[in-house]
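# Residue-level structural notes
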Amino acid sequence: MNMMTLQQSERPASSGFRVDVSRGQRIGRVSSEWFARPDDERYLNLSDLYKAVRGRAEGAQTRTVESRAIRVEADRDDAERLALVVPGRDEPVAPTHWSFGQLCTLTGAPSSYLRQLPAALSAINLQHGLISHRAELVKTLEADNGRVELRAVTGPEYGRIWDHELVAATMKIAGNGTGDTRWKVPGVLDWATMTHNPFVDVTKNSTTLYASDRDVFLFLVDDTNPIEAGRLADGSPDLYFRGFYCWNSEVGSKTLGIASFYLRAVCMNRNLWGVENFEQITIRHSKFAAQRFAHEAAPALTNFANSSPAPFVAGIKAARQRIVARTDEDRESFLRKGGFSKSDTTKIIETVLGEESRKPESIFDFVQGITALARAKLHQDARLELEGKAKLLLERAC
């Protein structure tokens, strides 16, 4: 495997690092995953995660069949049992909760209503939908794990990227994900001392490696090798770590995606603090999805893992050095020309004054004020709009 190794010029951490999380974005995507996952969806290392998702793929079978050839079976004596007889398989296939919803969507049947009906009535409605399905063909994903299940049913052009393929691509750069390379499950921010401690045991409560019967999600950081990008107002270093998260669903519940960024800390409930330079790519499971993953997504992940932070540091340095306003009139004019309202302009300037004990002068000052204002917005679209403007300013400075 092409695992990431430490550069000689970088020294691994032996203790925690003081950070300033009042800057940059706060991103809650990982925290949402952390809150939602039950214990049986949490993994302590990438090896165990890979075995789980690889094993279910090896026991799976896909086929493209005519929808009108699928027969729906139900037992009058069992109001909840419904099964499908799929061409090419003798034994009935039991739809999962997810695949039943997919089947209803494909055939135009109201899944919420059919779930409430006795199986016999639901089967009649679903059979009618399959017979009259205009697309004619569907692609099934069946699994035999002691009980034959229909894990997914999609259109015939669905381009499946297996969950284990994403995990394997991650293992090429992160090994086991527990510190055998520079990429690992993140440590924890101590709010009392504002210190990010990278040396925390990986437990079911702290892990950021997840997989369910519908998807996989991984979040890893390089938090033992901090990157210094300038100085804070008190003269201490402004430290960052590199991080990325990625996700996929081989049954069609979501796209494949990879997000990379620089961050200053991860707290106990897995919120990302002080995020800068956030980049994201997504791939829909369309006809050529597998080729795009092989030629675009997987190389992008490897390139980020092996890339030098020098361009990022240079960009931050350039933004700090580029002075764009020295008077109140300059500050207001700069922000108003950037599309900010008078109210937001005042808040941005006051935020920087409160945090830095001086008014903004450089591009970097304004970017920090804008991202701080974004964090205070209640609605996501407003936050994203402000964060986009901040990112554009930083890119122009570079």
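Described below are features of the structure shown in this document. On a predicted model such as this, the values are computed, not experimentally measured, just so you know.

### Brief notes about the packing of helix H2 (residues 46-58) against helix H6 (residues 163-174)
Direction vectors running N to C along H2 and H6 enclose 155 degrees, while the axes themselves pass 9 Å from each other. In terms of axis orientation, H2 runs roughly antiparallel to H6. The interaxial crossing formed by H2 with H6 has left-handed handedness. Between H2, through Leu46, Ser47, Leu49, Tyr50, Val53, Arg54, Arg56 and Ala57, and H6, the contact on the second element is made entirely by Asp163, His164, Val167, Ala168, Thr170, Met171 and Ala174. A per-class count over the contact of H2 with H6 returns 9 nonpolar, 3 polar and 3 charged.

### Some thoughts on the sheet that holds strand S11 (residues 195-197)
Pairing within the open sheet is antiparallel, and its 3 strands lie in the order S1-S11-S10. The open sheet has two free edges, formed respectively by strand S1 (17-18) and strand S10 (188-190), since each of these has just one partner strand. Two strands pair when backbone bridges link them, and S1 and S11 are joined in this way by 2 bridges, in the antiparallel orientation. If you follow Phe17 over to S11, its bridge partner there is His196.

### Here we look at the packing of helix H10 (residues 342-356) against helix H11 (residues 363-375)
Relative orientation of the contacting elements H10 and H11 amounts to 110 degrees, with a least axis distance of 8 Å. In terms of orientation, H10 and H11 fall into the roughly perpendicular class. Residues Asp344, Lys347, Ile348, Thr351, Val352 and Glu355 of H10 form the contact with H11, whose own contacting residues are Asp365, Phe366, Gly369, Ile370, Ala372, Leu373 and Arg375. A per-class count over the contact of H10 with H11 returns 6 nonpolar, 2 polar and 5 charged.

### A closer look at the nonpolar core
Of all hydrophobic cores here, the largest spans 30 residues; its most connected members are Leu46, Leu49, Val167, Leu209, Leu218, Phe244 and Phe293. Phe17, Val19, Tyr210 and Phe261 belong to the second-largest nonpolar core, a separate cluster that totals 25 residues.

### Brief notes about the environment of Ala169
Here Ala169 is to be found in helix H6. If sequence neighbours within four positions are ignored, Ala169 has contacts with Phe293, Ala298 and Leu301.

### Points about the pattern of salt bridges
On inspection of all chains with the given rule, the structure shows 27 salt bridges. A salt bridge links Arg23 to Asp20, with the nearest nitrogen and oxygen atoms 3.0 Å apart. The two residues Arg23 and Asp20 agree in class, both being buried. The partner of Arg151 in a salt bridge is Glu250, with the nearest N and O atoms 2.8 Å apart. Here Arg151 is found in strand S9 (residues 148-154), whereas its partner Glu250 is found in the loop between strand S14 (237-248) and strand S15 (256-263), with 99 residues between them in sequence. Here the salt bridges do not stand alone but share partners, grouping Arg29, Glu33, Arg37, Glu41, Asp215 and Lys254 into one network.

### Side note on the packing of aromatic side chains
Aromatic ring pairs are defined here through the distance separating the ring centres and the angle between the ring planes. Summed over the entire model, instances satisfying the criterion amount to 16 aromatic pairs. On the basis of an interplanar angle of 20 degrees and a centroid distance of 6.4 Å, the ring pair of Tyr210 and Phe217 is categorised as stacked. Residue Phe217 is classed as buried on the basis of its relative accessible area, which comes to 0%. Relative to Phe312, the ring of Tyr262 has its centre 3.8 Å away and its plane inclined at 5 degrees; by these criteria the two rings are stacked. In this pair, Tyr262 is assigned in strand S15 and Phe312 in helix H8 (residues 310-321), connecting sequence segments 50 residues apart. The pair Tyr262 / Phe312 is uniform in exposure class, with both members buried. What links up through ring pairs into an aromatic cluster is the set Tyr210, Phe217, Phe219, Tyr245, Trp247, Phe261 and Phe278. Across from the ring centre of Trp162, 5.7 Å away, lies the NZ or CZ of Arg160, which sits over that ring.

About the criteria used
Residues numbered from 1 in each chain as written. Predicted model: local features only at pLDDT ≥ 70, side-chain atom pairs only at ≥ 80, totals over all residues. Heavy atoms only, no water. Axes fitted to C-alpha atoms, helices over the stretch in contact; angles between N-to-C directions. Helix = DSSP H or I, 4+ residues; strand = E, 2+ residues; numbered from the N terminus. Parallel < 35°, antiparallel > 145°, perpendicular 65-115°, else oblique. Left-handed = near helix turned anticlockwise from the far one by under 90°. Contact = heavy atoms within 4.5 Å. Nonpolar A, V, L, I, M, F, W, Y, C, P; charged D, E, K, R; others polar. Pairing = 2+ DSSP bridges. Core = buried A, V, L, I, M, F, W, Y, C linked by side-chain atoms within 4.5 Å. Buried < 20%, exposed > 50% of the residue type's maximum accessible area, 1.4 Å probe, protein only. Salt bridge = Lys/Arg side-chain N within 4 Å of Asp/Glu carboxyl O. Phe/Tyr/Trp six-rings, centres within 6.5 Å; stacked < 30°, edge-to-face > 60°. Lys NZ or Arg CZ within 6 Å of the ring centre and 35° of its normal.

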